[in-house]
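Examination of the molecular architecture
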Amino acid sequence: MISEPKQLNLWFQSKKHDWNTPKYLFKQLDNEFHFELDPCSDNNNLNTRYYFTEKDNGLVQDWKKLRTFVNPPYGRELIKWVKKSYEESKKGSLVVMLIPARTNTNWFHDYILNNKNAETRFVRGRLCFEGATEKMPFPFVIVVLKETKK
């Protein structure tokens, strides 16, 4: 029997779906966008003046048109975070997401690819998140959802 390499099994079967953004990457993006809110924060990565933890549930909060950085959980909740980011950008927030590059999904096409206010920046190579011992086995994209001007 042929089995997958151990590293792939670790990431795809992991119960952990929230990973802290690499510090160098957050700093680069923050220097460009000057983030005010992180709706997917925890007590280990407080990088913005305003934040919501899992207990606060950023999916049900108003992001108040703030410049927002989103590194969401990568499990089944991912689509909810992409949709929420899209909705908040329509209300006036600038939202920058760090998400897996799942270009074959409906949500990628509906909220990003066919969105004239979305900019995509594919990450070269594999990311190693804070606290992880190995790089992620799948590609990432930085999506900039520009605030909609009314």
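Here, the structure is the one placed above.
Residues numbered from 1 in each chain as written. Predicted model: local features only at pLDDT ≥ 70, side-chain atom pairs only at ≥ 80, totals over all residues. Heavy atoms only, no water.

Some points on the pattern of salt bridges
Under the defined criterion, the tally for this structure stands at eight salt bridges. Lys83 is the salt-bridge partner of Glu87, the closest N and O atoms lying 4.0 Å from each other. With Glu87 and Lys83 both in helix H3 (residues 78-90), this residue pair falls four residues apart, about one helical turn. What makes Glu87 partly exposed here is its relative accessible area of 37%. Using a relative accessible area of 38% as the deciding quantity, one classes Lys83 as partly exposed. (Salt bridge = Lys/Arg side-chain N within 4 Å of Asp/Glu carboxyl O. Helix = DSSP H or I, 4+ residues; strand = E, 2+ residues; numbered from the N terminus. Buried < 20%, exposed > 50% of the residue type's maximum accessible area, 1.4 Å probe, protein only.)

Considering the environment of Thr120
With respect to the element layout, Thr120 can be found in strand S5 (residues 118-122). Here the alpha-carbon distance between Thr120 and Val141, two residues 21 residues apart in the chain, equals 6.5 Å. Residues within four places of Thr120 in sequence aside, it is in contact with Phe108, Ile112, Val141, Ile142 and Val143. (Contact = heavy atoms within 4.5 Å.)

Here we look at helix H4 (residues 106-113)
Every buried residue of H4 is accounted for by Trp107, Phe108, Tyr111 and Ile112. Projected down its long axis, H4 carries its buried residues within an arc of 100 degrees, all on one side. Residues of H4 that are buried in the fold lie against H3, strand S4 (95-100), S5 and strand S6 (140-145). (Arc of directions from axis to C-beta.)

Overview of the side chain of Thr48
Assignment of secondary structure puts Thr48 in the loop between strand S1 (37-38) and strand S2 (50-51). A polar side-chain atom of Thr48 sits 2.6 Å from the main-chain carbonyl oxygen of Tyr50. Not counting chain neighbours up to four residues away, the residues in contact with Thr48 comprise Phe26, Phe35, Glu36, Leu37 and Asp38. (Polar contact = N/O pair within 3.5 Å; in protein donor to acceptor, adjacent residues only side chain to side chain.)

Quick word on the side chain of Lys84
Mapped onto the elements, Lys84 comes out in helix H3. For Lys84, a relative accessible area of 10% corresponds to the buried category. Setting aside its immediate chain neighbours within four residues, Lys84 contacts Gly58, Leu59, Gln61 and Trp63.

A few points about the packing of aromatic side chains
Considering all chains together, one arrives at nine aromatic pairs under this definition. Between the aromatic rings of Phe26 and Phe35, the centroid separation amounts to 5.6 Å while the plane-to-plane angle is 35 degrees, which identifies the pairing as tilted. When the ring of Phe138 is compared with that of Phe140, the centres are 5.2 Å apart and the planes differ by 35 degrees; the resulting orientation is tilted. Side by side, Phe138 and Phe140 carry an identical accessibility label, which is buried. (Phe/Tyr/Trp six-rings, centres within 6.5 Å; stacked < 30°, edge-to-face > 60°.)

Here's the deal with the packing of H3 against H4
One way to put it is that H3 packs onto H4 with a least axis distance of 10 Å and a crossing angle of 15 degrees. The orientation of H3 with respect to H4, classified from their angle, is roughly parallel. Every pair of crossing elements has a handedness; the one defined by H3 and H4 is left-handed. On the side of H3, the interface is formed by Leu78, Ile79, Val82, Lys83 and Tyr86, while H4 contributes Trp107, Tyr111 and Ile112. (Axes fitted to C-alpha atoms, helices over the stretch in contact; angles between N-to-C directions. Parallel < 35°, antiparallel > 145°, perpendicular 65-115°, else oblique. Left-handed = near helix turned anticlockwise from the far one by under 90°.)

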